[in-house]
Amino acid sequence: MGTKTIGLDDEAYERLKAQKREGESFSDTVKRITEEVSADWRRSFGRYAEEGERFEQAVVDSRERSNVGLAKRQGRVNEILQSDDETAR
């Protein structure tokens with residue numbers, strides 16, 4: 001496998017260096033951070049991949065809170081509509 005030399009400005013180099021893990025070459029770093037996102041959505045968080053389960057739980061919790069709030073609002077609307085129907089009779 002051949003190699004290529006590329007030029008990076010100081011800011012790009014520092015950003016790449018910050019992403020580089022211990023024992024990892026710059027080539028390995030570039031491959032890791034540019035790899036295609038797999039079907040597992042947690043991989044798309046890149047450096048937060050290790051935190052995927054925590055993110056997933058936060059999403060589940062948020063959805064549950066939203067569902068409860070939505071159910072309450074729907075219940076109130078139904079009550080209003082039913083009382084309007086009874087008044088109209």
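Criteria and cut-off values
Residues numbered from 1 in each chain as written. Predicted model: local features only at pLDDT ≥ 70, side-chain atom pairs only at ≥ 80, totals over all residues. Heavy atoms only, no water. 1 Å grid on protein atoms, 1.4 Å probe; cavity = no way out; pocket = protein on both sides within 12 Å on 5 of 7 lines; lining within 4 Å. Points joined across faces, edges and corners; volume = space filled by probe spheres on them. Helix = DSSP H or I, 4+ residues; strand = E, 2+ residues; numbered from the N terminus. Nonpolar A, V, L, I, M, F, W, Y, C, P; charged D, E, K, R; others polar. Axes fitted to C-alpha atoms, helices over the stretch in contact; angles between N-to-C directions. Parallel < 35°, antiparallel > 145°, perpendicular 65-115°, else oblique. Contact = heavy atoms within 4.5 Å. Polar contact = N/O pair within 3.5 Å; in protein donor to acceptor, adjacent residues only side chain to side chain. Buried < 20%, exposed > 50% of the residue type's maximum accessible area, 1.4 Å probe, protein only. Phe/Tyr/Trp six-rings, centres within 6.5 Å; stacked < 30°, edge-to-face > 60°.

*Asks:* I'd like to hear about the layout of surface pockets, residue by residue, with values.
*Replies:* By volume, the largest pocket amounts to about 420 Å³. In terms of lining residues, the largest pocket is bounded by M1, G2, T3, K4, I6, L8, L16, F26, S27, V30 and K31. Residue contributions to the lining of the largest pocket peak at 4 residues, all from helix 2 (residues 26–34). Partitioning the lining of the largest pocket into residue classes produces 6 nonpolar, 3 polar and 2 charged.

*Asks:* I'd like a rundown of the packing of helix 1 (residues 10–19) against helix 2, residues and numbers included.
*Replies:* Close contact between helix 1 and helix 2 brings their axes to 9 Å; oriented N to C, the two are set at 85 degrees. Comparing the axis directions of helix 1 and helix 2 gives the class roughly perpendicular. Note on element contacts: helix 2 touches helix 1 through F26, T29, V30, R32 and I33, opposite Y13, L16, K17 and Q19. A per-class count over the contact of helix 1 with helix 2 returns 5 nonpolar, 2 polar and 2 charged.

*Asks:* Break down the side chain of T29 for me, with residues and values.
*Replies:* Within the element layout of this structure, T29 appears in helix 2. Here the side chain of T29 touches E24 through a polar contact of 2.8 Å, side chain to side chain. Aside from chain neighbours lying at most four places away, what touches T29 is L16, Q19, K20, R21 and E24.

*Asks:* Residues and numbers for the environment of Q19, please.
*Replies:* Its location among the elements puts Q19 in helix 1. Look at Q19 and you get partly exposed, because its relative accessible area is 25%. With 10 residues separating them in the primary sequence, Q19 and T29 have C-alpha atoms 6.9 Å apart.

*Asks:* Outline the packing of aromatic side chains, supporting the account with residue identities and numerical values.
*Replies:* Tallied over the entire structure, the rule returns 1 aromatic pair. For the pair Y13 and F26, a centre-to-centre distance of 5.7 Å together with 35 degrees between the ring planes defines the contact as tilted. Of this pair, Y13 sits in helix 1 while F26 sits in helix 2, and the two are 13 residues apart along the sequence. What makes Y13 partly exposed here is its relative accessible area of 35%.

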